[in-house]
Amino acid sequence: LTLTLRYEPTDALMDRGELVIATNVSTSDGATLTLTVPVETAALSSELVADSSVVAFGPVPSGTTATKSASLLNLGALSVTIQSLALSGESADEFVVEASDPLPFEVPPGVQWPVEVRYTPMGQDTDTATLSVAFTALDGDGALSVPINGREVSAALVVTPDPLNFGLRSADEAHVEMLTITSGNPDVPLEITEVSVVEVSDWSGTITLDAWPEEGV
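Residues numbered from 1 in each chain as written. Predicted model: local features only at pLDDT ≥ 70, side-chain atom pairs only at ≥ 80, totals over all residues. Heavy atoms only, no water.

Participant: Summarise the overall build of the chain; cite the residues concerned and give the values.
Facilitator: Within the chain, the secondary structure is distributed over 0 helices and 13 strands. By the compact-globule yardstick of 17 Å for 217 residues, the chain is too spread out, its C-alpha radius of gyration being 36 Å. In terms of principal-axis extent, the alpha carbons of the chain reach across some 135 × 30 × 25 Å. Counting all 217 residues of the chain, 21% fall into the buried class. When contacts within the chain are restricted to residue pairs at least 6 apart in sequence, long-range pairs at least 24 apart make up 62% of them. (Helix = DSSP H or I, 4+ residues; strand = E, 2+ residues; numbered from the N terminus. Rg over C-alpha atoms; globule rule 2.2 N^0.38 Å. Buried < 20%, exposed > 50% of the residue type's maximum accessible area, 1.4 Å probe, protein only. Contact = heavy atoms within 4.5 Å.)

Participant: Lay out the sheet that holds strand S10 (residues 126–137) with the relevant residues and their values.
Facilitator: Strand order in the open sheet formed by 5 strands is S4-S11-S10-S6-S8, and the pairing between neighbours is mixed. Edge positions in the sheet fall to strand S4 (55–61) and strand S8 (105–107), since each of these pairs with one other strand and no more. The average angle at which neighbouring strand axes cross in this sheet is 30°, direction not considered. When S4 meets strand S11 (residues 140–153), the two strands line up parallel, connected through 5 bridges. Residue pairing across strands places Val55 opposite Ile148, the latter belonging to S11. (Pairing = 2+ DSSP bridges. Axes fitted to C-alpha atoms, helices over the stretch in contact; angles between N-to-C directions.)

Participant: I'd like a description of a nonpolar patch on the surface, backed by residues and values.
Facilitator: On the surface, Leu157, Leu164, Leu179, Ile181, Val195, Val197, Ile207 and Leu209 cluster together to form a nonpolar patch covering roughly 630 Å² of accessible area. Turning to its location among the elements, Ile207 is positioned in the segment after strand S13 (180–183). Accessibility expressed as a relative area gives 45% for Ile207, which makes it partly exposed. (Patch = residues over 30% accessible without salt bridge, like charges linked within 9 Å, V, L, I, M, F, W, Y side chains within 5 Å. Areas by Shrake-Rupley, 256 points an atom, 1.4 Å probe, with all protein chains shown as cover. Salt bridge = Lys/Arg side-chain N within 4 Å of Asp/Glu carboxyl O.)

Participant: Please give an account of the layout of surface pockets that cites residues and values.
Facilitator: Picture a little ball the size of a water molecule; that probe, rolled over the atoms, points out where space is still empty. Approximately 1,300 Å³ is the volume attributed to the largest pocket. Taken together, 32 residues form the lining of the largest pocket, with Leu164, Phe166, Glu177, Ile207 and Thr208 sitting closest to its centre. Here the lining of the largest pocket is built from residues that sort into 20 nonpolar, 7 polar and 5 charged. (1 Å grid on protein atoms, 1.4 Å probe; cavity = no way out; pocket = protein on both sides within 12 Å on 5 of 7 lines; lining within 4 Å. Points joined across faces, edges and corners; volume = space filled by probe spheres on them. Nonpolar A, V, L, I, M, F, W, Y, C, P; charged D, E, K, R; others polar.)

Participant: Talk me through the packing of aromatic side chains; I want residue IDs and the actual numbers.
Facilitator: Taken as a whole and judged by the stated rule, the model has 4 aromatic pairs. Summarising the aromatic geometry, the rings of Phe105 and Trp113 are spaced 5.7 Å apart at their centres and angled 20° between planes, so their arrangement reads as stacked. A relative accessible area of 26% places Phe105 in the partly exposed class. Taken together, Phe57, Phe95 and Tyr119 form an aromatic cluster joined through their ring pairs. (Phe/Tyr/Trp six-rings, centres within 6.5 Å; stacked < 30°, edge-to-face > 60°.)

Participant: How would you summarise the sheet that holds strand S7 (residues 95–99) if you had to cite specific residues and measurements?
Facilitator: In space, the 4 strands of this open sheet follow the order S3-S5-S9-S7, with antiparallel pairing throughout. Each edge of the sheet is formed by a strand with only one pairing partner; in this case those strands are strand S3 (48–50) and S7. Between one strand axis and the next, the sheet turns through 25° on average, direction left out of account. Pairing analysis gives 5 bridges linking S7 to strand S9 (residues 112–119), with the strands arranged antiparallel. Opposite Val97, over in S9, you have Val117 as the bridge partner.

Participant: So what's going on with the nonpolar core? Which residues, and what values?
Facilitator: Formed by 25 residues in total, the largest nonpolar core has its most connected members in Leu48, Phe57, Ile82, Leu85 and Val133. Within the residue set of this core, elements represented by two or more residues are S4, strand S5 (66–74), strand S6 (80–88), S7, S9, S10 and S11. If one sorts the elements of this core by residue count, S10 sits on top with 5 residues. Setting aside residues up to four positions removed in sequence, Leu85 forms contacts with Val97, Ala99, Leu103, Trp113, Val115, Leu131, Ser132 and Val133. (Core = buried A, V, L, I, M, F, W, Y, C linked by side-chain atoms within 4.5 Å.)

Participant: Outline the pattern of salt bridges, supporting the account with residue identities and numerical values.
Facilitator: Inspection of the entire model under this criterion finds 3 salt bridges. Linking Glu40 and Arg16 is a salt bridge whose minimum nitrogen-to-oxygen distance equals 3.6 Å. Of this pair, Glu40 sits in strand S2 (residues 32–40) while Arg16 sits in strand S1 (residues 16–26); the two residues are 24 residues apart in sequence, bridging distant segments of the chain. For the pair shown, Glu40 and Arg16 are each scored as exposed.

The values are spatial; any link to function lies outside them.
As structure tokens, then:
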């Protein structure tokens with residue numbers, strides 16, 4: 001004889017019971033044998049985690065917006081319902097978080113739920129914030145915090161030599177010196193849109209610049 005027991009939990013708590021088996025087996029005292037088999041289940045729990053310990057944007061050029069995707073993973077045995085997403089911290093206004101579905105949203109066990117974080121840096125510094133996720137489940141309310149960081153960078157200009165000195169040169173002859181302009185920040189392309197010679201003395205007109213590409217470099 002094989003007995004099949006079915007368990008349909010209505011909450012997340014541990015459940016206990018007993019299976020009582022009455023028989024016609026006689027005992028030494030003349031009674032019939034009754035067997036008691038303890039039956040118990042483990043408590044169910046919720047567990048929501050992020051697929052990354054931190055959402056790190058790294059260097060982001062000034063005047064641009066970068067986007068990162070993050071996923072919230074339900075590793076528990078219970079469904080969790082995402083109630084809210086919120087940003088806090090010193091630079092929270094430089095980040096925006098968007099849910100992939102309207103809230104509240106239920107995430108079943110073993111399922112991941114994506115969110116999108118956008119970063120528009122301001123202030124030429126390192127920015128930090130915290131993404132706070134509030135959720136509920138049968139075993140109670142929960143919260144998850146995910147750090148976010150990024151750094152604003154801008155183009156940098158290196159001019160060599162500086163100053164440019166022609167030194168003593170003969171009159172009525174053309175003399176050439178080379179000025180080298182390079183980018184001082186490998187993370188951001190350098191764009192030069194205009195170069196000109198500005199008059200600062202009566203003799204400035206004797207210094208000229210060779211033809212400059214109309215589209216810049």
